[in-house]
Amino acid sequence: MTAQRRFVRRTVLAVTASVAALTLAACGNGGDGKASGGTATASATKAGGHNAADVSFSKDMIQHHRQAVEMAGLAAGHASSAQVKSLATKIEGAQAPEIKTMSGWLTSWGEQVPEDMSGMDSGMGHDMSSSTPGMMSDADMGKLEKASGADFDTMFLTMMVEHHEGAVDMAKTEKADGSYAPATALAAGVITAQSAEIKQMNKMLGKS
């Protein structure tokens, strides 16, 4: 065998070995689409999938929270009680971040985040009080905006108790029907926090 033929043979063998190595590597890294896809599926399963109840809860609770934040925002300029102002600040501080969290979920699920109707004038067709538990009507919000002093304090507390009760009902439904773990955990937090605030506000109103 000549030197040239030996060189060609070594070259062919080297190329063949390289191709074989690449083929094995591709298979090991999901070349058939199963390994890499299986990892992604496993990760998604571990995180927990969502269902229609999770979507409905997130959409409705975003709007519900937005109205609570709007109501709480009025306290600084309308309330006379330091306790009411402090409670309003607490409510706004808790619910505003949850709005962002739930909006993020909807976006990741390919769902539309509800349009923010808070702060809009009445008569714009965004009154959700008939479909969402505890939501104030446009007329209710108008009365609250015009109230001040002790009248505002009483009206705010009375409305917010009803508002919170609606949120607790919605959260209980999510805990029973939802499948997305972070959403059911948020719902549990809503039940705990807002139930405690309901008791606090009833006490402030002089109720047992």
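This report concerns the structure included in the present document.

What about the overall build of the protein?
Within the protein, the secondary structure is distributed over seven helices and zero strands. Mapped in sequence order, the helices and strands of the protein form the string α-α-α-α-α-α-α. Per-residue burial for the protein yields a buried fraction of 34% across its 208 residues. Long-range pairs, those at least 24 residues apart, make up 75% of the contacts in the protein between residues at least 6 apart in sequence. About 11800 Å² of surface is accessible on the protein, with carbon and sulfur atoms providing 56% of the total.

Observations concerning the packing of aromatic side chains
One pass over the structure, following the stated rule, counts four aromatic pairs. Between Trp105 and Tyr180, the aromatic rings sit 5.6 Å apart at their centres with planes inclined by 80°, giving edge-to-face as the arrangement. Within this pair, whereas Trp105 is found in helix α4 (residues 82–108), its partner Tyr180 is found in the loop between α6 (149–177) and α7 (181–204), the two being separated by 75 residues in sequence. The pair Trp105 / Tyr180 is uniform in exposure class, with both members buried. Their ring planes at 90° and their centres at 5.1 Å tell us that Trp109 and Tyr180 sit as a pair that is edge-to-face.

Looking at the side chain of Thr132
Looking at the element boundaries, Thr132 is found in the loop between α4 and α5 (138–146). In this structure Thr132 comes out as buried when scored by relative accessible area, which is 3%. Here Thr132 is in contact with Asp60, His64 and Met170, once residues within four sequence places are set aside.

Remarks on the layout of surface pockets
The calculated volume of the second largest pocket comes to roughly 160 Å³. For the lining of the second largest pocket, the secondary structure elements donating two or more residues are α3 (52–78) and α6. Residues of the lining of the second largest pocket, tallied by class, amount to four nonpolar, four polar and three charged.

With respect to the nonpolar core
If you look at the biggest cluster of nonpolar residues, it comprises 42 residues, and the most contacted ones within it are Met71, Phe152 and Phe156. Those elements giving two or more residues to this core turn out to be α3, α4, α5, α6 and α7. Excluding residues within four positions of it along the chain, Met71 makes contact with Met136, Met141, Leu144, Phe152, Phe156, Met159, Met160 and His163.

Looking at the packing of α4 against α7
The N-to-C vectors of α4 and α7 enclose an angle of 165°; their axes lie 12 Å apart at closest approach. Taken together, the axis directions place α4 and α7 in an arrangement best described as roughly antiparallel. When you trace α4 past α7, the crossing you get is left-handed. Contacts from Gln83, Val84, Leu87, Lys90, Ile91, Gln95, Glu98, Thr101, Met102 and Trp105 of α4 reach α7 at Pro182, Ala183, Leu186, Val190, Gln194, Glu197, Gln200, Met201 and Met204. Taken together, the residues of the contact of α4 with α7 break down into 11 nonpolar, five polar and three charged.

Describing α7
Each α-helix winds once per 3.6 residues, and so residues spaced three or four apart point in a common direction. Compared with an ideal rise of 1.5 Å per residue, which puts 24 residues at 34 Å, α7 spans 35 Å between its outermost C-alpha atoms and is within 8% of the ideal. Buried residues of α7: Ala183, Thr184, Leu186, Ala187, Val190, Ile191, Gln194, Glu197, Ile198, Met201 and Asn202, and no others. Elements in contact with the buried residues of α7: α3, α4 and α6.

Focus: the environment of Asp153
Within the fold, Asp153 resides in helix α6. Each C-alpha atom of the pair Asp153 and Ser81 lies 6.7 Å from the other, and the pair is 72 residues apart in sequence. When sequence neighbours within four positions are dropped, the list of residues in contact with Asp153 reads Ala79, Ser80, Ser81 and Val84. Engagement of the side chain of Asp153 in a polar contact is seen with the backbone nitrogen of Ser81, the distance being 3.1 Å.

Some points on the pattern of salt bridges
The final tally for this structure, using the stated rule, is two salt bridges. In this structure, Lys59 and Glu111 form a salt bridge, with 3.6 Å as the shortest nitrogen-oxygen distance. Separated by 52 residues along the polypeptide, Lys59 in helix α3 and Glu111 in the loop between α4 and α5 bring together distant segments of the chain. Taking the shortest distance from any N to any O, the salt bridge between Asp116 and Arg66 comes out at 3.9 Å. Taken together, the residues Asp116 in the loop between α4 and α5 and Arg66 in helix α3 connect sequence positions 50 residues apart. A relative accessible area of 13% places Arg66 in the buried class.

Rules used in this analysis
Residues numbered from 1 in each chain as written. Predicted model: local features only at pLDDT ≥ 70, side-chain atom pairs only at ≥ 80, totals over all residues. Heavy atoms only, no water. Helix = DSSP H or I, 4+ residues; strand = E, 2+ residues; numbered from the N terminus. Buried < 20%, exposed > 50% of the residue type's maximum accessible area, 1.4 Å probe, protein only. Contact = heavy atoms within 4.5 Å. Areas by Shrake-Rupley, 256 points an atom, 1.4 Å probe, with all protein chains shown as cover. Phe/Tyr/Trp six-rings, centres within 6.5 Å; stacked < 30°, edge-to-face > 60°. 1 Å grid on protein atoms, 1.4 Å probe; cavity = no way out; pocket = protein on both sides within 12 Å on 5 of 7 lines; lining within 4 Å. Points joined across faces, edges and corners; volume = space filled by probe spheres on them. Nonpolar A, V, L, I, M, F, W, Y, C, P; charged D, E, K, R; others polar. Core = buried A, V, L, I, M, F, W, Y, C linked by side-chain atoms within 4.5 Å. Axes fitted to C-alpha atoms, helices over the stretch in contact; angles between N-to-C directions. Parallel < 35°, antiparallel > 145°, perpendicular 65-115°, else oblique. Left-handed = near helix turned anticlockwise from the far one by under 90°. Expected span 1.5 Å × (residues − 1). Polar contact = N/O pair within 3.5 Å; in protein donor to acceptor, adjacent residues only side chain to side chain. Salt bridge = Lys/Arg side-chain N within 4 Å of Asp/Glu carboxyl O.

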